[in-house]
Structures are given as C-alpha cells and as structure tokens.
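# Coordinates in review
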Amino acid sequence: HDRGEVCKMDVEMPPDHAMALQRFLMENSVEELSPEDAVYKYDSETEKAARELAPWEKDPHHFKHVRISALALLKMVMHARSGKQMEVMGVMQGKIDGDTIVVMDSFALPVEGCETRVNASEQAYAWMVGYSSCLEKVGRLENQIGWYHSHPGYGCWLSGVDVATQRLQQSGQDPYLAIVVDPTQTCAAGKVEIGAFRCYPDGYKPPHTAPSEYQTIPSDKIEDFGVHNDSYYKLDITIFKSALDRRLLNLLWNKYWVNTLSSSAVLANAGFITGQLQDLGNKLKDASSSGGSFRGGGGGAAAKKDSPLTNCSRDGIRTTVQMVTDVASQVIKDELFHRAVVPKK
C-alpha cells in the first residue's frame, strides 16, 4: 500500500476517545486541509533556491509564522508528558514557505534532562543522523528545521541555555526554529501550551514591541527570563491536518488518551503544585520585605505596570484553578471507572 491507501484505512476508536480528539482539535484551532494542499508537497529545488536567497540574514525578523502538523504537535506533547517533571528534547523536520516555517514531523532524541535544562549528547547526534538517513530512504526529504524541548510547569520562553543553543543552531544551519512545550500546563484534552521562537543575532537591538501576555515564572527563574527576554522573538503558530493524517492521528490519540485516563493528575502534578505554593509564599515574602518593588512573574512590559500583590494574586488563582481541575478530573474518573464496576452492597 502507498501512503494514501494506508492512511485512508480507519482505526476503530471508542466514542469517548473520538469526542476527546475532536475537542483537542477544536481547542487548538486545527485547520483541515485538502490532501492536495501545497503544504504536503516538497520541491527540493524550490527549497534550495529559498535557502540560497536567505532573506533572514538581512532581516532578523523575517520569519513571522509557524505552521505545525497535528501529528507533529501530538508527538511533541506525548514526548513532553512522558518526561514528567524532567525536560526532554527532540528535533523537527519541515520546510520554509516565504516568511513561514512549516513543521511536518518531529521525533524524540534519546537525551537525559534535568529539572532545569536538557542538552544533547554525542550519542543523540549520532542517532539523529541515522534517523535522518532512514527518513530519506522512505521518501521523507524535508530538512531538519528546528528543535523542541519541554518546560514542565514554568511556561514557554527561552532560558539563557536555550538562547545559546538556538543561536548556535541558527549560525550553523539556519533557518532553524525553537519550540517549547509545557506539558504540565497543557490540559489533558485541551489547548497545548506551546511557543515558537527565533533568536536575534548578537548585538542586535530589537525594535520596541507591544507588552507581552503575563506569565507565571518561578522566582528562581525570573532573573533568567528577564535577562534574555530581548534576545529572541515569538512567532505565530497555526496547526493543520488532512484526511491523509486520520489513521496515524487516531493511532497516536488512542495511546495518548489511554495514558491520560489511566494517570492521576493529582499525583502527577503533586510536586508541581507543592512547588508553586512554596514559590508563591516566597514571592509574597519578597514583595513585603522589598516594599513592593518585587515583580512576582514574567511577561515583559505588561508585568511591570502591575503591583506585586496583583501578580501574586494571578499566580495564586492559576495554581488554584489547576488544583481544582486535577481534583475534579480524579473524581470524574472514579465515578466512571471505579464505582461503575463495583457492585453496590
């Protein structure tokens, strides 16, 4: 069978799985494309000509948009969630289309991360080269277009290490994209917490930008966030899929949804919630001792206009909502899967 015939084969999916998948697609505003859409066609000559022109070398803000296939997005989210509170890392394949970077696929790298950073080893780079060679043999000719990694529980932005990594990649194999996924803040079947970024060249002073949306940043990372906030910019993200993706998407979703149903959000996020409460207490103490000069979060110019108490209030509300959501999810699962099978005495 060719790819079209295989992908048209239906995969049986329980009604609850199908409803959850539809909600996932709706929450993330996934665009349905025709299998004949140009995004699914790869022309090596066109790609080569665009790379030779390299307009991004003259304009550091050339790329403004990112299009990600739903398959690549789901694979990144599954990989990020598998790391739990540890950072994970992977690579993306795709192409360029004017001022847009198109991500067609992603694959995980066998790297060891920690709670603050993740770096690729020589073994990971060797594995990456081998994987790329295998893809060429099966007709996947897209170039490596970027890397992704996770920030479990502390939002989507680039740390100092991330900026150094991204600048290194842009200097060696541009165009290159950095994507950050926060698996903890991503709802089980809701909107994915994701950000796409590119770095400015060394010494470049970016023009004045509009205030960014407030983010809850742990107190031990606020300095890192603020120092490097002007070293990169964020790109707009859209998600797409087609009928050809249905079978693979259903297969991946079945695995993702079963893992979601069989896991306990209360237990999985216990360490994260505890850390958030401790961090909130530290922010309140710092705000009190500094006479209100402390900023309890991140988000650029928008955060500077708010008082420390306002920022702490936002952080507290967000943590409370997360706790209530986790408990409600556990109660619903208990009603559906435990009480439904245990006969009443």
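Remember, predicted model here, so these are calculated numbers, not experimental data.

Counting secondary structure elements, the protein contains 12 helices and eight strands. Classification of the 345 residues of the protein by burial places 45% in the buried group. Within the protein, counting contacts between residues at least 6 apart in sequence, those at least 24 apart form 80% of the total. If you sum the accessible surface of the protein, you get close to 18,400 Å²; carbon and sulfur atoms cover 56% of it.

Let us look at the pairing of strand 5 (residues 143-150). Put simply, side chains in a regular strand alternate between the two faces of the sheet. The buried count for strand 5 comes to seven of eight residues, which makes it a mostly enclosed element. In this structure, strand 3 (residues 89-97) lies alongside strand 5, joined through six bridges in antiparallel fashion. Residue glycine 90 lies in a different strand from strand 5, and its bridge partner there is tyrosine 148. One crossover worth recording links strand 5 to the parallel strand 6 (residues 177-181) by way of helix 6 (residues 160-173), and it is right-handed.

This brings us to the pattern of salt bridges. Under the definition given, this model contains eight salt bridges. In this structure, arginine 167 and aspartate 202 form a salt bridge, with 2.8 Å as the shortest nitrogen-oxygen distance. Here arginine 167, found in helix 6, pairs with aspartate 202, found in the loop between strand 7 (194-199) and helix 7 (222-228); they are 35 residues apart in sequence, far enough to count as distant.

In this section: the confidence of the model for the protein. Confidence in the prediction for the protein averages 77 pLDDT; 69% of positions are at 70 or higher. Between the elements of the protein, mean pLDDT differs from a low of 42, seen in helix 1 (residues 3-8), to a high of 96, seen in strand 2 (residues 65-69). Note that pLDDT drops below 50 for residues 1-9; the model gives that stretch 12 contacts with residues more than four away or on any other chain.

With that settled, the discussion passes to the environment of isoleucine 101. Tracing the backbone shows isoleucine 101 in strand 4 (residues 100-108). Each C-alpha atom of the pair isoleucine 101 and leucine 177 lies 7.9 Å from the other, and the pair is 76 residues apart in sequence. Residues contacting isoleucine 101, with those up to four places away along its chain left out, are Phe63, His65, Val66, Arg67, Lys95, Ile96, Ile145, Leu177 and Arg198.

This paragraph deals with helix 2 (residues 15-27). A turn of α-helix holds 3.6 residues, and therefore any two residues three or four places apart point the same way. End to end, helix 2 covers 18 Å across 13 residues, agreeing with the expected 18 Å (1.5 Å per residue, within 8%). When we look at burial in helix 2, the residues that qualify are His17, Ala20, Leu21, Phe24 and Leu25. One side of helix 2 holds all its buried residues, which, seen down the axis, span an arc of 140 degrees. For helix 2, the exposed residues set more than 90 degrees away from the buried face come down to Pro15, Met19 and Met26. Positive backbone phi, approximately 50 degrees, marks serine 29, located one or two places after helix 2.

Bringing the packing of aromatic side chains into the picture now. Each aromatic ring pair is described using two quantities: the centre-to-centre distance and the angle formed by the ring planes. If you walk through the whole model with that rule in mind, you get seven aromatic pairs. Ring geometry for phenylalanine 197 and tyrosine 232: centres 5.4 Å apart, planes at 85 degrees, overall edge-to-face. Of this pair, phenylalanine 197 sits in strand 7 while tyrosine 232 sits in strand 8 (residues 232-242), and the two are 35 residues apart along the sequence. Among the residues examined, tyrosine 232 registers a relative accessible area of 8% and is labelled buried. Note on tyrosine 200 and tyrosine 204: the rings are 5.0 Å apart at their centroids and 35 degrees apart in plane angle, and the pair reads as tilted. These aromatic residues form a ring-pair network of at least three members: Tyr200, Tyr204 and Tyr233. Above the face of the phenylalanine 240 ring, arginine 67 is positioned so that its terminal group lies 5.3 Å from the ring centre.

One finds Ile68, Leu73, Met92, Val103, Leu177, Ile179 and Trp253 to be the most contacted residues of the largest nonpolar core, which totals 40 residues. Leave out the neighbours within four places in its chain, and valine 103 touches Val66, Arg67, Ile68, Ser69, Ala72, Met92, Gln93, Gly94, Ile145, Leu177 and Phe240.

Tracing the sequence through the fold places serine 44 in helix 3 (residues 44-53). Serine 44 sits in the partly exposed class, given a relative accessible area of 41%.

Judged from the four bridges that link them, strand 1 (residues 30-33) and strand 8 form a sheet pairing that is parallel. Following the sheet pairing, leucine 33 is matched in strand 8 by serine 242. Relative to strand 8, strand 2 runs parallel, the two sharing five bridges. Across the sheet, residue valine 66 finds its bridge partner in strand 8, namely isoleucine 237. In this sheet, strand 8 lies alongside strand 7 in antiparallel orientation, the contact comprising four bridges.

The rules behind each value
Residues numbered from 1 in each chain as written. Predicted model: local features only at pLDDT ≥ 70, side-chain atom pairs only at ≥ 80, totals over all residues. Heavy atoms only, no water. Helix = DSSP H or I, 4+ residues; strand = E, 2+ residues; numbered from the N terminus. Buried < 20%, exposed > 50% of the residue type's maximum accessible area, 1.4 Å probe, protein only. Contact = heavy atoms within 4.5 Å. Areas by Shrake-Rupley, 256 points an atom, 1.4 Å probe, with all protein chains shown as cover. Pairing = 2+ DSSP bridges. Right-handed = clockwise from strand over helix to strand, strands pointing away. Salt bridge = Lys/Arg side-chain N within 4 Å of Asp/Glu carboxyl O. pLDDT = per-residue confidence, 0-100. Expected span 1.5 Å × (residues − 1). Arc of directions from axis to C-beta. Phe/Tyr/Trp six-rings, centres within 6.5 Å; stacked < 30°, edge-to-face > 60°. Lys NZ or Arg CZ within 6 Å of the ring centre and 35° of its normal. Core = buried A, V, L, I, M, F, W, Y, C linked by side-chain atoms within 4.5 Å.

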